[in-house]
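What follows is the residue order along each chain.
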Amino acid sequence: QVQLAESGGGLVQAGGSLRLSCVVSGRTFSSYIMAWFRQAPGKEREFVAAISRSADNTYYADSLKGRFTISRDKTKNTLYLQMNSLKPEDTAVYYCAAARFQRGSYSFAPMYNYWGQGTQVTVSS
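About the criteria used
- Numbering of residues begins from 1 in every chain and follows the order in which that chain's sequence is written.
- Reporting of local features is limited, given that this is a predicted model, to residues whose pLDDT is at least 70; pairs of side-chain atoms are given and counted only at 80 or more, and all residues count toward the totals for whole chains, interfaces and linings.
- In computing side-chain properties, one takes all heavy atoms of the structure into account and sets aside hydrogens as well as water.
- Only a pair of cysteine sulfur atoms within 2.5 Å qualifies as a disulfide here.
- Helix numbering and strand numbering both begin at the N terminus, where a helix is a DSSP run of H or I of at least 4 residues and a strand a DSSP run of E of at least 2.
- Buried means the residue's accessible area, taken with a 1.4 Å probe over protein chains only, is under 20% of the maximum for its type, while exposed means over 50%, and partly exposed covers the values in between.
- One speaks of a salt bridge when a side-chain nitrogen belonging to Lys or Arg is within 4 Å of a carboxyl oxygen belonging to Asp or Glu.

A.B. asks: Please clarify how the state of the cysteines should be interpreted in this entry.
C.D. replies: In a disulfide, the sulfur atoms of two cysteines are held together by a covalent bond. For the structure on display, the rule yields one disulfide. Paired by a disulfide, cysteine 22 and cysteine 96 hold their sulfur atoms 2.0 Å apart. The disulfide joining cysteine 22 to cysteine 96 has a torsion of about 55° about its S-S bond and is therefore right-handed. Here cysteine 22 is found in strand S3 (residues 18-25), whereas its partner cysteine 96 is found in strand S9 (residues 92-99), with 74 residues between them in sequence.

A.B. asks: Looking at this structure, I do not really get the side chain of serine 31. What am I missing?
C.D. replies: Take serine 31: it is sitting in the loop between S3 and strand S4 (33-39). For serine 31, a relative accessible area of 18% translates into the label buried.

A.B. asks: I tried to follow unusual backbone geometry on my own but got confused; where do I start?
C.D. replies: Negative phi is the rule for most residues except glycine; trans is the rule for most peptide bonds. Positive phi values are uncommon outside glycine, yet asparagine 77 reaches one of about 50°. Secondary-structure assignment places asparagine 77 in the loop between strand S7 (68-73) and strand S8 (78-83). The class for asparagine 77 is partly exposed, based on a relative accessible area of 26%. Backbone geometry places serine 85, a non-glycine residue, at a positive phi of 50°. Relative to the helices and strands, serine 85 is located in the loop between S8 and S9.

A.B. asks: Help me out: how do you make sense of the pattern of salt bridges in this one?
C.D. replies: Oppositely charged side chains may form a pair once their charged atoms are brought near each other. Inspection of the entire model under this criterion finds four salt bridges. The shortest N-O distance in the salt bridge between glutamate 46 and arginine 38 comes to 2.5 Å. Its salt-bridge partner being arginine 67, residue aspartate 90 comes within 2.8 Å of it at the nearest N-O pair. Taken as a pair, aspartate 90 in the loop between S8 and S9 and arginine 67 in the loop between strand S6 (58-60) and S7 lie far apart in primary sequence, 23 residues in all. Residue classification places arginine 67 among the buried positions, given a relative accessible area of 11%. Each of Arg38, Glu46, Arg67 and Asp90 takes part in a single network of salt bridges with overlapping partners.

Structural data, given as structure tokens:
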């Protein structure tokens, strides 16, 4: 069993920054492909970013490239999402997710076996 716990969300003004964290417990952190997704009110969950097991490869939603950075620290069993130049449209609940095996694109949500409870990010204009 794998448990994921996000933190770091909050209220920030447009143009500001936040860093989200996701602590993974229960199994070997390095065994999992990790990702961030988000869901805004009234919208479907969407892919934000993903990172390979070794952290050698990262993937981003096209609209977020250059503003968001995903990283992982195997010594802390923690996944991060650094978010800069935040916009009101970034307001959403952000979820971290873990996948044991790759099935298709890293943005394919059904590939991920485990999900956190989410952390709210609100960007005011």
